[in-house]
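# Breakdown of the fold
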Amino acid sequence: TPLSRRRIRTSSPDGRSAAVITRDGLYLCDTQGNLSGLLRSNVTTVAWFSDSRRLAIGGAGGGYILSSAGLGAPHTPPANIALLAELAEEFRPAG
């Protein structure tokens, strides 16, 4: 199925990939524009960690940490993810 037209795109700090949120959920995109399969549905918030290998995501049903090792911390309270996303934005390196 085609992706929804409503998209939010957030580039990783190293610029090698981007998190793309659509109505369907979260996808990753590489520098060539190739999209991954759907990683998680019902995602509304995403923030990259400075290592560009992990994402903090939040949405309906709670928050999560996604990393290159897979999904971790599946029962993280949504308020914790919201704070993590806020802090990731606040302390994001300039550039």
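### Describing the overall build of the protein
When you go through the protein residue by residue, the secondary structure sums to one helix and seven strands. The order of α-helices and β-strands along the protein, N terminus first, is β-β-β-β-β-β-β-α. By the burial criterion, 32% of the 95 residues in the protein qualify as buried. Counting only carbon and sulfur atoms, one obtains 51% of the accessible surface of the protein, whose full area is about 6,000 Å².

### Observations concerning the packing of aromatic side chains
Taken as a whole and judged by the stated rule, the model has zero aromatic pairs. The ring of Phe49 has Arg54 lying over it, and the distance from NZ or CZ to the ring centre is 4.2 Å.

### Digging into the pairing of strand β4 (residues 43-48)
Taken together, the five bridges between β4 and strand β5 (residues 54-59) define a ladder with antiparallel strand orientation. By the bridge assignment for β5, Ala47 is matched with Ala56.

### Describing the environment of Ile8
Along the polypeptide, Ile8 turns up in strand β1 (residues 8-11). Residue class for Ile8 comes out partly exposed when judged on its relative accessible area of 36%. For the pair Ile8 and Ile21, spaced 13 residues apart in sequence, the C-alpha separation works out to 5.0 Å. Sequence-distant contacts of Ile8, defined by excluding residues within four places in its chain, comprise Ala19, Val20 and Ile21.

### A short note on the nonpolar core
Ala19, Ile21, Leu26, Val43, Val46, Trp48, Leu55 and Ile57 form the largest nonpolar core, which has eight residues in total. Where this core is concerned, the elements lending two or more residues are β2 (17-21), β4 and β5. Looking at this core, the element that brings in the most residues is β4, giving three residues. Sequence-distant contacts of Ala19, defined by excluding residues within four places in its chain, comprise Ile8, Arg9, Thr10, Leu26, Tyr27, Leu28, Val46, Trp48 and Leu55.

Thresholds, definitions, all that
- Residues numbered from 1 in each chain as written.
- Predicted model: local features only at pLDDT ≥ 70, side-chain atom pairs only at ≥ 80, totals over all residues.
- Heavy atoms only, no water.
- Helix = DSSP H or I, 4+ residues; strand = E, 2+ residues; numbered from the N terminus.
- Buried < 20%, exposed > 50% of the residue type's maximum accessible area, 1.4 Å probe, protein only.
- Areas by Shrake-Rupley, 256 points an atom, 1.4 Å probe, with all protein chains shown as cover.
- Phe/Tyr/Trp six-rings, centres within 6.5 Å; stacked < 30°, edge-to-face > 60°.
- Lys NZ or Arg CZ within 6 Å of the ring centre and 35° of its normal.
- Pairing = 2+ DSSP bridges.
- Contact = heavy atoms within 4.5 Å.
- Core = buried A, V, L, I, M, F, W, Y, C linked by side-chain atoms within 4.5 Å.

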